[in-house]
Amino acid sequence: MQTDVWENFISLNSTGDLKSEVLGPARDYVSQRDGSVDWNEIELPLDLAMNRDVSPIPIEADRELYYGPNHFNYWASGVRDLMQILEWARGQGIKLESSLDIGCASGRVMRHMHYQTNIKQVMGCDINRLHVDWVARHLPPEITVFQNSSIPSLPLPSESVDLVTAFSVFTHIESFDTTWLMELRRILKPGGIAWLTVHGERTWREVAPGWPLYQALHAHPDFAAMRGLPQLPSDRVIFRWRADRSYSANIFYRDAYIEKCWGRILEFKGMFPALPHFQDVVVLQKPNP
Ligand SMILES: C[S@@+](CC[C@H](N)C(=O)[O-])C[C@H]1O[C@@H](n2cnc3c(N)ncnc32)[C@H](O)[C@@H]1O
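Treat the numbers as computed from the prediction; the structure is a model and nothing was measured.

About the cut-offs
- Residues numbered from 1 in each chain as written.
- Predicted model: local features only at pLDDT ≥ 70, side-chain atom pairs only at ≥ 80, totals over all residues.
- Helix = DSSP H or I, 4+ residues; strand = E, 2+ residues; numbered from the N terminus.
- Buried ≥ 20, exposed ≤ 12 C-beta atoms within 10 Å, placed from the backbone.
- Contact = placed C-beta atoms within 7 Å.
- Near = placed C-beta within 6 Å.
- Nonpolar A, V, L, I, M, F, W, Y, C, P; charged D, E, K, R; others polar.
- Pairing = 2+ DSSP bridges.
- Axes fitted to C-alpha atoms, helices over the stretch in contact; angles between N-to-C directions.

Would you take a moment to explain the overall build of the protein chain for this structure?
Within the protein chain, the secondary structure is distributed over 9 helices and 9 strands. With the principal axes as the frame, the protein chain shows a C-alpha extent of 50 × 45 × 40 Å. The buried share of the protein chain, taken over its 289 residues, is 37%. Counted over contacts in the protein chain with a minimum sequence separation of 6, partners at least 24 positions apart contribute 68%.

Is there a simple way to explain the site of the ligand in this structure?
The environment of the ligand is formed by 22 residues, the closest being Gly103, Ala105, Arg108, Phe167 and Ser168. Of the residues that constitute the shell around the ligand, the class distribution is 11 nonpolar, 8 polar and 3 charged.

Teacher, can you tell me more about unusual backbone geometry here?
Phi is mostly negative for residues that are not glycine, and the peptide bonds are mostly trans. Each neighbour pair has its own omega, and for Leu275 with Pro276 the value is -10 degrees, a cis peptide bond. We note that Ala105 has phi near 50 degrees; this positive angle belongs to a residue other than glycine. The topology assignment puts Ala105 in the loop between β1 (98-102) and α4 (110-116). With phi around 65 degrees, Phe176 is a residue other than glycine that occupies positive phi space.

Is there a simple way to explain the environment of Pro273 in this structure?
With respect to the helices and strands, Pro273 occurs in strand β8 (residues 267-273). Expressed as a C-alpha distance, the spacing of Pro273 and Arg202, which sit 71 residues apart in the sequence, is 8.6 Å.

I tried to follow the environment of Ser55 on my own but got confused; where do I start?
With respect to the helices, strands and loops of the structure, Ser55 is situated in the loop between α2 (46-52) and α3 (71-92). Accessibility expressed as a C-beta count within 10 Å gives 20 for Ser55, which makes it buried. Put simply, Ser55 and Gly24 are 31 residues apart on the chain and 7.5 Å apart in space, counted from C-alpha to C-alpha. When near neighbours in sequence (up to four residues on either side) are disregarded, Ser55 contacts Pro25, Arg111, His138, Leu139 and Pro140.

Just checking my understanding: could you explain the sheet that holds strand β4 (residues 161-166) for this structure?
In a beta sheet, neighbouring strands are held together by backbone hydrogen bonds and run either parallel or antiparallel to one another. Read from one edge to the other, the open sheet built from 7 strands follows the order β3-β2-β1-β4-β5-β9-β8, with strand pairing classed as mixed. Strands with a single pairing partner mark the edges of an open sheet, and in this sheet they are β3 (144-147) and β8. Strand-to-strand twist of the sheet, defined as the mean angle between neighbouring strand axes without regard to direction, takes the value 15 degrees. Strand direction decides the pairing type here: strand β2 (residues 121-126) and β3, joined by 4 bridges, are parallel. Looking at β3, one finds that Gly124 is bridged to Val145. The sheet contacts of helix α5 (residues 129-138) involve β2 and β3, and relative to β3 the element is tilted by about 160 degrees.

As structure tokens, this is what we get:
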């Protein structure tokens, strides 16, 4: 595969070809249940959820290595993350009929939007062509999936989406965060919600050995000068690994920056720990006219 093609500056694997095998559906791995994704916190009978979702699970290499060899936890984590949104939206009286998961990878959360909710139009996009191909090949055709690029532009009509999610994506977007926010404002329906996970000040304070982020930070040459600082030294702190490709950085935001700067574009509704607690969720709403 050619890697030096122009598309790879703004996307990944655009000329790649998906070859790998897949795993069975979630039920095949229920014996791996070890409590690290606590189903007792999930308001959905496990049997029902597994009966509904008959699609294969991606192998680790096709799912950003999430949850290592524990395929059940990979699957269950998506239900847990989705339930956190549904509960919040219910509390606010917000009805969700359409959703877009940006950076959906091979559908860890998006598959559950299709199988476990009443959302009529489920969509996802990713800059990695292989993820898009995986979803198109292995998840139900009712799910719309497309490749986007790291240029903040989405091929969707204005005011067409009730819910935009991005799990562990703004943690890697090193440029144009405000332009992305403007694009989300355009596609969201009035009253629609953006649910974006970030590394904020709490993550900076609490990051500890054993967290996925810890090794990366400690390996980065810029981190040495910041180690032990109780506060982030600037509004946006970017640890970039490569200058010539997308998805090659870890970003931290000051909470006040998010509230003030992103909150100018969409209404800031809150910021609280995501599940698991390595990141915070920022919830923003497009105001009703
Ligand atoms: C850490 S993974 C998270 C995957 C998925 N959201 C989840 O929680 O399982 C980040 C994903 O975002 C994608 N990505 C990174 N930058 C992106 C961008 N600007 N637009 C869309 N996807 C992006 C990557 O290709 C990758 O699939």
